[in-house]
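Coordinate inspection notes
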Amino acid sequence: MSDPVTDTAARLRATFRTGRTQGNDWRTRQLTALRALLTEHRGDFVAALHADLGKGEEEAVRTEVAFTVREIDHALAHLDAWTRPAPAPVPERLAGSTAWSVLEPLGVVLVIGPWNYPAQLVLAPLAGALAAGNCVLVKPSELAPATSALLARLVPHFLDRDAVAVVEGGIPETTALLAQRFDHIFYTGNGAVGRVVMRAAAEHLTPVTLELGGKSPVFVDRDADLAEVATRLVATKYMNAGQTCVAPDYVLTDPGTAPRLVAALAAEIRAVHGEDAAASPAYGRIVNERHFDRLSGLLDSGTVAVGGGRDRATRYLAPTVLTGVSPDAPVMREEIFGPILPIVEVPGLDEAIAFIVARDKPLALYAFTGSATTRDRLLAETSSGAVTFGAPVAHLGVPDLPFGGVGESGMGNYHGPYSMETFSHRKAVLAAPGTV
Ligand code: NAD
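What you are looking at is a predicted structure, and each value in this text was computed from that prediction instead of being measured. (Residues numbered from 1 in each chain as written. Predicted model: local features only at pLDDT ≥ 70, side-chain atom pairs only at ≥ 80, totals over all residues.)

**Examining the site of the ligand**
Every one of the 28 residues lining the ligand counts as a neighbour, but Ser141, Gly189, Glu211, Gly213 and Cys245 are closest to it. Ranked by the residues each element gives to the shell around the ligand, the list is headed by helix 7 (residues 171-179), at three residues. Among the residues making up the shell around the ligand, the classes are represented as 12 nonpolar, 12 polar and four charged. A domain-level breakdown of the shell around the ligand finds at least three residues from each of domain 1 (4-212 + 405-431) and domain 2 (217-397). (Near = placed C-beta within 6 Å. Helix = DSSP H or I, 4+ residues; strand = E, 2+ residues; numbered from the N terminus. Nonpolar A, V, L, I, M, F, W, Y, C, P; charged D, E, K, R; others polar. Domains from an automatic or database assignment.)

So, in structure tokens, the structure goes:
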């Protein structure tokens, strides 16, 4: 029986079979058109992101539009190099043969996005999948309806309609999509749904990339410049009202440093968002009432040292710091995904490392320390999707670094050349002499 989801998937597959998405000229045209979609409709994205999440203009442009444009520009600049065959040395007994590997597009890719960066987190994977020469079906999050509608409206105007499609909807539509056979599924969101996606993919032996979340810790050493730490933590923890997969989730520091860090955080929050962050145009809102209520409940997990103000009607939750948080408090048992920063006191580095490795592998680990030994130990003794020293979240700004998690924080990665590998099959080729 024919239905819109099956028809769309079949249309994309038919397009892929024509071979027209293979050449770098098609890929370049699509990437250029995607860039134009973002830059010509920058104002529409700002408005939609404000409607969905109360994002301020500067943040919306920086983290969604400009970020994705940079990713596209990087792909355009390197496409020829990335698609060049990679020679492989041959061993003595195959002397005279030539060997190389080449990236070939997978076919039809499904991209399922979340609500927190509802443009970037579908358009950056889309850019990677197009750069790799695939047809793509995009399913934006229904929890960011303005951005989802905008994407559904713009994509057919800018991109090859028979190669790229947007299907809007929630669980029923996504379930119908997952029943189809795709050549890759790229999912960003929570681990529970990640399991649903992976189970569905298994039916068709479809490879998956799962970009999940988790609790990204911050280790603050005794020697850290706390004013600087506070600046960098406030900029990243409270961005998008804390609804960022790589946001610092909690701080581990020693009892001597904790009160000084809290004072520095209080001063910095006031400096950035004023006495009342509700009036700050740069400060976002919680996506919906369910998450607002969940976060409100987490405020009881410790002492509110900074912030704590809230308003359910506008889903405003102040930038908040919690102290006196025990390691098994509710706020430490789930990804916070909101503007609440718990400070957990540990005697020192040994205990911090033990704390981190006893829990799920995080998407990122952040540390502020002047000690090379401490850095080396954190790198060697913990596992996470990424590590940054002194720069939470900033690794996303390096286009040649892979972005992805490990264990509960996800599998696979993307961005720049890693998107090319993710959305391609690397085919081995060997040509022996004397037979042709
Ligand atoms: P969400 O609720 O928007 O869900 C993500 C997608 O899954 C949506 O498109 C939704 O329609 C679909 N979905 C939901 N339930 C489904 C079901 N039962 N069956 C099939 N599809 C379903 O977003 P979310 O999961 O709340 O997003 C927040 C989570 O995503 C956090 O854990 C966060 O850390 C993580 N995240 C990770 C990254 C990353 O890049 N690693 C980025 C952003 C968010």
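**What to know about the UniProt feature "active site" (unreviewed entry) in the chain**
In the numbering adopted here, UniProt assigns the feature "active site" (unreviewed entry) to Glu211. Residue position: Glu211 is located in strand 7 (residues 208-211). Among residues more than four places away in sequence, those in contact with Glu211 are Tyr187, Thr188, Gly404, Gly405 and Gly410. (UniProt positions renumbered as here; feature names shortened; annotations may be inferred. Contact = placed C-beta atoms within 7 Å.)

**Focus: the UniProt feature "domain: Aldehyde dehydrogenase" (unreviewed entry) in the chain**
Under the UniProt annotation, "domain: Aldehyde dehydrogenase" (unreviewed entry) lies at residues 20-429. Counted over residues 20-429, helix gives 41% and strand 19%. Its end C-alpha atoms are 22 Å apart.

**Thoughts on the sheet that holds strand 14 (residues 340-345)**
Strand order in the open sheet formed by seven strands is 10-13-14-9-8-15-16, with mixed pairing between adjacent strands. The open sheet has two free edges, formed respectively by strand 10 (303-306) and strand 16 (386-389), since each of these has just one partner strand. The sheet shows a mean angle of 25° between the axes of neighbouring strands, taken without regard to direction. As defined by bridge partners, strand 15 (residues 364-368) adjoins strand 16 across four bridges and the pair is classed as parallel. Bridge pairing in strand 16 links Leu365 to Val387. (Pairing = 2+ DSSP bridges. Axes fitted to C-alpha atoms, helices over the stretch in contact; angles between N-to-C directions.)

**Some thoughts on the sheet that holds strand 2 (residues 98-105)**
With antiparallel pairing, three strands are arranged side by side in an open sheet as 1-2-18. The sheet is open, and its two edges are formed by strand 1 (86-88) and strand 18 (424-431), each paired on a single side. Shown here is a sheet whose adjacent strand axes are inclined to one another by a mean of 30°, direction ignored. As judged from the three bridges shared by strand 1 and strand 2, these two strands associate in the antiparallel manner. Residue Ala88 lies in a different strand from strand 2, and its bridge partner there is Ala99.

**Topic: the domain arrangement of the chain**
As assigned here, the chain comprises domain 1 (4-212 + 405-431) and domain 2 (217-397). Computed over C-alpha atoms only, the centres of domain 1 and domain 2 are separated by 31 Å. Contacts between the two partners involve 15 residues from domain 1, matched on the other side by 18 residues from domain 2.

**A few points about the nonpolar core**
If you look at the biggest cluster of nonpolar residues, it comprises 121 residues, and the most contacted ones within it are Leu34, Val109, Val111, Leu126, Ala127, Val136 and Leu261. Per-element tally for this core: the top contributor is helix 5 (residues 120-131), with nine residues. When near neighbours in sequence (up to four residues on either side) are disregarded, Ala127 contacts Leu31, Leu34, Thr68, Glu71, Ile72 and Ala75. (Core = buried A, V, L, I, M, F, W, Y, C linked by C-beta atoms within 7 Å. Buried ≥ 20, exposed ≤ 12 C-beta atoms within 10 Å, placed from the backbone.)

**Details of the pairing of strand 8 (residues 216-220)**
Successive side chains on a regular strand alternate, one facing one side of the sheet and the next facing the other. Taken across its five residues, strand 8 has five buried, putting it largely inside the fold. Burial of strand 8 is two-sided: the residues Ser216, Val218 and Val220 facing one way and the residues Pro217 and Phe219 facing the other way are all buried. Direction of pairing for strand 8 relative to strand 9 (residues 248-253): parallel, over a ladder of five bridges. In the strand pairing of strand 9, Phe219 is matched with Leu252. Crossover strand 8 to strand 9 through helix 9 (residues 226-237) is right-handed. The pairing of strand 8 with strand 15 spans three bridges and is classified as parallel. Note that in strand 15 the partner of Phe219 across the bridge is Ala367. (Right-handed = clockwise from strand over helix to strand, strands pointing away.)

**Some words on unusual backbone geometry**
Most peptide bonds adopt trans geometry, and most residues besides glycine take a negative phi value. Despite not being glycine, Val393 has its phi angle at roughly 70°, a positive value. Position of Val393 relative to the elements: it lies in the loop between strand 16 and strand 17 (410-411). The backbone of His415 sits at a positive phi, close to 90°, despite the residue not being glycine. Structurally, His415 is set in the loop between strand 17 and helix 14 (416-422).

**Brief notes about the pairing of strand 3 (residues 108-112)**
Burial analysis of strand 3 places five of its five residues in the buried class, the great majority of the element. Of the two faces of strand 3, the one carrying Val108, Leu110 and Ile112 and the one carrying Val109 and Val111 are both buried. When strand 3 meets strand 4 (residues 135-139), the two strands line up parallel, connected through five bridges. Looking at the pairing, Val108 lines up with Cys135 of strand 4. Handedness of the strand 3-helix 5-strand 4 crossover: right-handed. As paired strands, strand 3 and strand 6 (residues 184-188) are joined by four bridges and run parallel to one another. The residue of strand 6 that forms the bridge with Leu110 is Ile185.

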